[in-house]
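So you can see what is in the structure, the chains are spelled out below.
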Amino acid sequence: MGQRKITTIEGLARGDQLHAVQQAFLDEGALQCGYCTSGMIMSAVALLDRNHHPTPSEIIEFMDGNVCRCGTYSRIIRAIQKAAKKRVETGTAKAVGQ
């Protein structure tokens, strides 16, 4: 069987610098109890790796399998949009497979 790379929530940050999605979730208050945070962030990273400029509708569709018990969905959407913009501005957006 072939080797596969797995990234966990802990593997997103580089040293003391949070990944753009992690930082955006903090900035936008898109996390509260922490129940969904890891799944939401990992899904958001996967989305942005595939689509550098997702619309709110595309974000909602992609994130549909994740449940937030606190109901911070509008903040999650804003955080993903903010992270997308930052990743494009800083040149850290990458295509799938890179």
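Refer to the structure printed above.
Residues numbered from 1 in each chain as written. Predicted model: local features only at pLDDT ≥ 70, side-chain atom pairs only at ≥ 80, totals over all residues. Heavy atoms only, no water.

So, about the packing of helix H1 (residues 20–27) against helix H4 (residues 73–90). Following both chains from N to C, one finds H1 and H4 inclined at 135°, their axes separated by 8 Å at the closest point. Comparing their axes, H4 and H1 come out oblique. Between H1 and H4 the crossing geometry is right-handed. From H1, Ala20, Val21, Ala24, Phe25 and Asp27 reach across to H4, where they touch Ile76, Ala79, Ile80, Lys82, Ala83, Lys86 and Arg87. Residues of the contact of H1 with H4, tallied by class, amount to eight nonpolar, no polar and four charged. (Axes fitted to C-alpha atoms, helices over the stretch in contact; angles between N-to-C directions. Helix = DSSP H or I, 4+ residues; strand = E, 2+ residues; numbered from the N terminus. Parallel < 35°, antiparallel > 145°, perpendicular 65-115°, else oblique. Left-handed = near helix turned anticlockwise from the far one by under 90°. Contact = heavy atoms within 4.5 Å. Nonpolar A, V, L, I, M, F, W, Y, C, P; charged D, E, K, R; others polar.)

Within this structure, the stated rule accounts for four salt bridges. Note that Arg78 is salt-bridged to Glu28, the shortest N-O span being 3.2 Å. Of this pair, Arg78 sits in helix H4 while Glu28 sits in the loop between H1 and helix H2 (37–50), and the two are 50 residues apart along the sequence. Taking the relative accessible area as the measure of exposure, Glu28 reaches 21% and is therefore partly exposed. (Salt bridge = Lys/Arg side-chain N within 4 Å of Asp/Glu carboxyl O. Buried < 20%, exposed > 50% of the residue type's maximum accessible area, 1.4 Å probe, protein only.)

As far as function goes, none of this settles anything; it's purely spatial.
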